[in-house]
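So you can see what is in the structure, the chains are spelled out below.
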Amino acid sequence: MTDGKKKNQKDQTTPLKSHEKGDTAKLGTAAEEEALSELVSVPLKDYAAQLKEIDDLKQQVNENLEGWQRERADFTNYRNRIERERTQQKQDFSVEVIKKYLVVLDDIQRALKNRPTEGEAGAWSEGIELIERKLENILEMEGIQPIEVKKYFDPKFHEAISHEEYPDHESGRIIEVVQQGYILGDRVIRPAQVRVAR
């Protein structure tokens, strides 16, 4: 590298001269002094007004925040309610369809009570029994359970189709289940039809 090139590089990296440094320092000090003079020169009356304005803005922010939180909670409640209603509608639709299949199941069960046991008719009745089991399995997969009939009449689960004098049974005791009832969870789809002793 030649001496001329070295000199050029040296000139490019020359630090600020002492009088240039002083000018920059003066500029910084002047800006600070001006800012301080503005702060100091705010009248007390204006200062109180600004504090009141800040308090008003804080109150407005809090009101807006509370309103937003209320709206958000209302929307969450609305969404949950719509979801519950949709689930209820779906369950209602399923129940209405299942009730129709229960009538078919009743007919199959009545037919099986008087089924033949010998010959070709016996084999045929075994096939019908398999159909009955399939229907019962489908209902069970949908959460449908037969109502467990206890000894005594319960209006929540039973429908009395007759009240009869029956010397062997005390009053309110179930004599016979005429038609099986079914439940879905806690909901009664169809009450059991029963004969009750008087």
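Please refer to the structure higher up on the page.
Residues numbered from 1 in each chain as written. Predicted model: local features only at pLDDT ≥ 70, side-chain atom pairs only at ≥ 80, totals over all residues. Heavy atoms only, no water.

A. Local environment of the overall build of the chain. Each helix and strand in the chain was counted, giving 4 helices and 6 strands. Secondary structure elements of the chain, listed N to C terminal, follow the sequence α-α-α-α-β-β-β-β-β-β. Out of the 198 residues belonging to the chain, those deemed buried represent 16%. Once local pairs closer than 6 in sequence are excluded, the contacts in the chain between residues at least 24 apart make up 62%. On the chain, roughly 16300 Å² of surface is accessible, and the fraction owed to carbon and sulfur atoms is 53%. (Helix = DSSP H or I, 4+ residues; strand = E, 2+ residues; numbered from the N terminus. Buried < 20%, exposed > 50% of the residue type's maximum accessible area, 1.4 Å probe, protein only. Contact = heavy atoms within 4.5 Å. Areas by Shrake-Rupley, 256 points an atom, 1.4 Å probe, with all protein chains shown as cover.)

B. Structural view of the sheet that holds strand β3 (residues 174-179). Spatially, β2-β6-β3 is the arrangement adopted by the 3 strands of the open sheet, whose pairing is mixed. Edge positions in the open sheet fall to β2 (158-164) and β3, since each of these has one partner strand only. The average undirected angle you get between the axes of adjacent strands in this sheet is 25°. (Pairing = 2+ DSSP bridges. Axes fitted to C-alpha atoms, helices over the stretch in contact; angles between N-to-C directions.)

C. Looking closely at the sheet that holds strand β4 (residues 182-184). The sheet built from 3 strands is open, its strands ordered β1-β4-β5 with antiparallel pairing. Looking along the sheet, the strands with just one partner apiece sit at the ends: β1 (144-146) and β5 (187-190). Strand-to-strand twist in this sheet, taken as the mean axis angle between neighbours without regard to direction, amounts to 35°. Where β1 and β4 come together, 3 bridges link them in antiparallel fashion. Counterpart to Gln 145 in the pairing with β4 is Ile 183. Across the face of the sheet, helix α3 (residues 44-113) comes into contact with β1, β4 and β5 while running at roughly 45° to β5.

D. Structural detail: α3. Relative to the 104 Å expected for 70 residues at 1.5 Å per residue, α3 spans 101 Å between its end C-alpha atoms, a close match to the ideal helical length. The secondary structure elements touched by the buried residues of α3 are α4 (119-141), β1, β3, β4 and β5. (Expected span 1.5 Å × (residues − 1).)

E. View of the pattern of salt bridges. This structure, assessed with the given rule, holds 12 salt bridges. A salt bridge links Asp 92 to Arg 187, with the nearest nitrogen and oxygen atoms 2.8 Å apart. One end of the pair, Asp 92, is in helix α3; the other, Arg 187, is in strand β5, with 95 residues separating them in the sequence. The partly exposed category is assigned to Asp 92, whose relative accessible area is 28%. The residue Glu 165 makes a salt bridge to Arg 198 at a minimum N-O spacing of 3.5 Å. Of this pair, Glu 165 sits in the loop between β2 and β3 while Arg 198 sits in the segment after β6 (192-197), and the two are 33 residues apart along the sequence. Judged on exposure class, the residue Glu 165 and its partner Arg 198 are both exposed. Taken together, the shared-partner salt bridges in this structure form one network comprising Arg 115, Glu 129 and Arg 133. (Salt bridge = Lys/Arg side-chain N within 4 Å of Asp/Glu carboxyl O.)

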